[in-house]
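Report on the structure
Read off the chains here:
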Amino acid sequence: MFADLHIHSALSACADDDMTPNNILNMAVIKGLDVIAICDHNSCKQQPAIAKAAQDKPIQVVFGVEVTSSEEVHVLCYFKHLADCMEFDKWLKTVLMPIDNNEKFFGKQLIYDENDEVVDKVSVCLSLATSASLKEVIDKANACCGRCVFAHAISKSHGVIRQLGFIPEDIAISGIEVTDQKHTIELIKTHPRFENTLFFFNSDAHQLIDINERDFYITSKQWKDFWGEHT
Ligand SMILES: [Zn+2]
Ligand SMILES: [Zn+2]
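Residues numbered from 1 in each chain as written. Chains lettered and ligands numbered in written order. Predicted model: local features only at pLDDT ≥ 70, side-chain atom pairs only at ≥ 80, totals over all residues.

1. Re the overall build of the protein
What the protein contains, in helices and strands, is eight helices and nine strands. The C-alpha radius of gyration of the protein comes to 16 Å, within 12% of the 17 Å expected for a compact globule of 231 residues. Each principal axis of the C-alpha atoms in the protein carries an extent, and together these give about 45 × 40 × 30 Å. The burial tally for the protein puts 40% of its 231 residues in the buried class. (Helix = DSSP H or I, 4+ residues; strand = E, 2+ residues; numbered from the N terminus. Rg over C-alpha atoms; globule rule 2.2 N^0.38 Å. Buried ≥ 20, exposed ≤ 12 C-beta atoms within 10 Å, placed from the backbone.)

Structure (structure tokens):
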């Protein structure tokens, strides 16, 4: 199936305001994708509306969030079930920095309903690092039946390699997102333990036009292996 498992909605301050649930889903359908995940920074508040909006659309949705750990590393956490995702969100709220969002500086953090109407906004700043370590984030997501993937591991700031210079050994990571096929080879060369790990080629889209075309394909076996016992 063709996938894009890293798209930001308008809840992410840095994303366009027209990144609404229906606009994203419709664009993904037009682009011929089979599965998407909308992963906003440090909040799952947009996920329930996405679940509702996706109900009558020919596309599968996985629930997700892009968490910034205390080391300033971006981790994508995925959940098959909305309830698990919202359970994780309850915990996530407790590790957010208690600082209000400066809309003029960072941008708005809008929550839309399933009809693309703005119904709320998040007041606490979601653009900052949480107080949870990388290991704490990943352990908690796994405990909520989630799966974790290092976001843009090599090429962008807040990628684990750019941020730490290495990948810690004691963490239960299930996948690695890269932006270029040659990064996969590079990473396996330096970290042979990831030879059988699923590599993700997502868009990290902050505007509709940037959502993946049909270029990142996951086989059903890879998808099944990724989720393991969490079906
Ligand atoms: Zn990121
Ligand atoms: Zn992102």
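2. Considerations on the pairing of strand 2 (residues 35–41)
With respect to burial, strand 2 is a largely interior element, six of its seven residues being buried. Here three bridges tie strand 1 (residues 3–7) to strand 2, and the two strands are oriented parallel to one another. In the strand pairing of strand 2, Ile7 is matched with Ile38. The pairing of strand 2 with strand 3 (residues 60–68) spans seven bridges and is parallel. Residue pairing in the sheet places Ile36 in a bridge with Val61 of strand 3. (Pairing = 2+ DSSP bridges.)

3. A few points about the packing of helix 2 (residues 47–54) against helix 3 (residues 82–94)
In contact at an axis separation of 10 Å, helix 2 and helix 3 are set at 165° when each is read in the N-to-C sense. Of the possible angle classes, the one that applies to helix 2 and helix 3 is roughly antiparallel. Crossing of helix 2 over helix 3 shows right-handed handedness. Contact with helix 2, carried on its side by Gln47, Pro48 and Ala51, involves Leu82, Cys85 and Met86 of helix 3 and no other residues of that element. Grouping the amino acids of the contact of helix 2 with helix 3 by side-chain chemistry returns five nonpolar, one polar and no charged. (Axes fitted to C-alpha atoms, helices over the stretch in contact; angles between N-to-C directions. Parallel < 35°, antiparallel > 145°, perpendicular 65-115°, else oblique. Left-handed = near helix turned anticlockwise from the far one by under 90°. Contact = placed C-beta atoms within 7 Å. Nonpolar A, V, L, I, M, F, W, Y, C, P; charged D, E, K, R; others polar.)

4. Side note on the nonpolar core
Proteins that are soluble and globular tend to have nonpolar side chains buried together. If you look at the biggest cluster of nonpolar residues, it comprises 60 residues, and the most contacted ones within it are Ile36, Ala37, Val75, Leu76, Cys77, Phe88 and Val149. Broken down by element, the residue count for this core peaks at five residues, all from strand 4 (residues 74–79). Aside from chain neighbours lying at most four places away, what touches Ile36 is Ala3, Asp4, Leu5, Ile7, Ala28, Ile59 and Val61. (Core = buried A, V, L, I, M, F, W, Y, C linked by C-beta atoms within 7 Å.)

5. Here we look at the pairing of strand 1
Of all five residues in strand 1, five are buried, a share of seventy percent or more. For the segment spanning strand 1, helix 1 (residues 21–30) and strand 2, crossover handedness is right-handed. (Right-handed = clockwise from strand over helix to strand, strands pointing away.)

6. Notes on the environment of Leu82
Examined against the element boundaries, Leu82 turns out to sit in helix 3. Those residues in contact with Leu82 that lie beyond four places of it in its chain are Gln47, Pro48, Ala51 and Phe63.

7. Digging into the sheet that holds strand 2
Read across the sheet, seven strands follow the order 1-2-3-4-7-8-9 without closing on themselves; strand pairing throughout is mixed. Pairing within the sheet leaves two strands with one partner each, and these edge strands are strand 1 and strand 9 (198–200). Taking the axes of each pair of neighbouring strands and ignoring which way they run, one obtains an average angle of 25° across the sheet.

8. Description of the environment of Thr68
Its place among the elements puts Thr68 in strand 3. Between the C-alpha atom of Thr68 and that of His158, which follows or precedes it by 90 residues, the distance is 8.1 Å. Setting aside anything within four residues of it in sequence, one finds Thr68 in contact with His41, Asn42, His74, Ala129, Thr130 and His158.

9. Thoughts on the environment of Ala205
Positionally, Ala205 belongs in the loop between strand 9 and helix 8 (220–227). For the pair Ala205 and Ile7, spaced 198 residues apart in sequence, the C-alpha to C-alpha distance is 4.9 Å. If we skip the residues at most four places from it in the chain, Ala205 touches Ile7, His8, Asp210 and Ile211.

10. Quick word on helix 1
Along helix 1, the positions that sit buried rather than exposed are Pro21, Ile24, Leu25, Met27 and Ala28. Relative to the axis of helix 1, the buried residues are bounded by an arc of 165° and lie together on one face. Of the surrounding elements, those touching the buried residues of helix 1 are strand 1, strand 2, helix 2 and strand 5 (110–112). A positive backbone phi angle near 80° is found at Gly32, which sits one or two residues after helix 1. (Arc of directions from axis to C-beta.)

11. Overview of the packing of helix 1 against helix 2
Put simply, helix 1 and helix 2 touch, their axes get as near as 9 Å, and they point 50° apart. Taken together, helix 1 and helix 2 sit at an angle that is classed as oblique. Judged by the twist between their axes, the crossing of helix 1 over helix 2 is right-handed. Touching Pro21, Asn22 and Leu25 of helix 1 are Ala49, Ile50, Ala53 and Ala54, all from helix 2. When its residues are assigned to classes, the contact of helix 1 with helix 2 shows six nonpolar, one polar and no charged.

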